[in-house]
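Chains, contacts and geometry: an overview
Residues per chain are reported as follows:
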Amino acid sequence: MNCGPAPTVAAALATARTMGVDRLDAQWLLARVLNRPRSWLLAHDEAPLDADLWRQFQGHLVRRAGGEPLAYLHGEKEFHGLTLSVTPAVLVPRPDTELLVDWALELLDGALAEVKSPQVADLGTGSGAIALAVKNCCPQATVMATDNSQSALAVAEANAVRLGLDVGFVTGSWWAALPVRRFHLVLSNPPYIAAGDPHLPALRHEPASALTPGGDGLGALQEIVHGAPHHLLPGGWLLLEHGFEQAEAVQRLLRSEGFAGVETRHDLGGQPRCSGGHR
Ligand SMILES: C[S@@+](CC[C@H](N)C(=O)[O-])C[C@H]1O[C@@H](n2cnc3c(N)ncnc32)[C@H](O)[C@@H]1O
């Protein structure tokens, strides 16, 4: 891209508009590049940009206009009150996944409240979002987090260190990562989008392995539910995030593996998003 002479703040934001970048996104990006609060931009319309910063901002605009998530450009994302570092090695944590965390915390404070040191696992942890949020709110829990992606686990471990949260990390495919462990509570937001889903192309900047297990999208959910009876303590719970059209299938899977109290909870948009039950 030809950078041209460095413009004013107002002209830089006007360029963002011509590239189709959302106004708020452009303001966030420019504020970050300038290391200023967003409010500063509004009061300094006519301030000239330094040539290097203008180049940096243009680089961000090109990436954002190409559909890259804002979180990758910022390098971080808020999740359940925590600021997590994110890179293209991990899925950007979604607000809907906080539902799974809130359900887990409700159990740790309710049905599992008598357990002194609850054993909790997060399968397919990505940035560490679920595991870290649970550990942050329930320090007495022993929390293990797994992923089959080494590069995702490196991001999750760095988040744990930076946030001072003591979570154990293990590499491996689903239950194979935790062959002999049993838990009071297992959580997972596995890849669940079907291979031909029309939403997938728009998510192309995030790791495909975090989004889809291929086929009809149920493969990873099936594997987790089938293995769960060998990894849950008596009365232990399994809570799963899934696609809004998969609740019935996941409930069926849970019941066929002998789970009791099977129920589904709805996300902020009113869609069936998480299902779970207990042994
Ligand atoms: C939908 S992302 C969820 C990430 C994170 N838990 C969250 O909610 O933001 C699914 C995660 O499962 C991981 N994954 C995919 N296949 C896996 C497998 N066979 N075993 C373990 N983890 C797997 C991906 O690497 C990815 O981090």
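Every value quoted in this text rests on a predicted model; they were computed, and no experiment measured them.

Where helix H1 (residues 9–18) meets helix H2 (residues 23–34), the closest approach of the two axes is 10 Å, and the angle between their N-to-C directions is 135°. Compared by their axis directions, H1 and H2 come out oblique. Here H1 and H2 pass one another in a crossing that is right-handed. Contact residues: H1 offers Val9, Ala12, Leu13 and Ala16, while H2 offers Ala26, Gln27, Leu30 and Leu34. A breakdown of the residues in the contact of H1 with H2 according to their chemical character gives seven nonpolar, one polar and no charged.

With that settled, consider the state of the cysteines. Under the defined criterion, the tally for this structure stands at zero disulfides. Between Cys137, a free cysteine, and Cys138, which holds the nearest cysteine sulfur, the sulfur-to-sulfur gap is 8.4 Å. Exposure remark for Cys138: the relative accessible area of 4% places this residue in the buried category.

With the rule as written, the count across this model stands at one aromatic pair. Arranged with centres 6.5 Å apart and planes meeting at 40°, the rings of Trp54 and Phe57 form a pair that is tilted. Residue Trp54 and its partner Phe57 are both found in helix H4 (residues 51–65); the two are separated by three residues, about one turn of the helix. A relative accessible area of 4% means that Trp54 is categorised as buried. Exposure remark for Phe57: the relative accessible area of 0% places this residue in the buried category. The residue whose ring lies beneath Arg38 is Trp28, and the NZ or CZ to ring-centre distance is 5.2 Å. Over the face of the ring belonging to Phe259 we find Arg279, whose NZ or CZ atom lies 5.0 Å from the ring centre.

Cut-off values and rules
Residues numbered from 1 in each chain as written. Predicted model: local features only at pLDDT ≥ 70, side-chain atom pairs only at ≥ 80, totals over all residues. Heavy atoms only, no water. Axes fitted to C-alpha atoms, helices over the stretch in contact; angles between N-to-C directions. Helix = DSSP H or I, 4+ residues; strand = E, 2+ residues; numbered from the N terminus. Parallel < 35°, antiparallel > 145°, perpendicular 65-115°, else oblique. Left-handed = near helix turned anticlockwise from the far one by under 90°. Contact = heavy atoms within 4.5 Å. Nonpolar A, V, L, I, M, F, W, Y, C, P; charged D, E, K, R; others polar. Disulfide = S-S within 2.5 Å. Buried < 20%, exposed > 50% of the residue type's maximum accessible area, 1.4 Å probe, protein only. Phe/Tyr/Trp six-rings, centres within 6.5 Å; stacked < 30°, edge-to-face > 60°. Lys NZ or Arg CZ within 6 Å of the ring centre and 35° of its normal.

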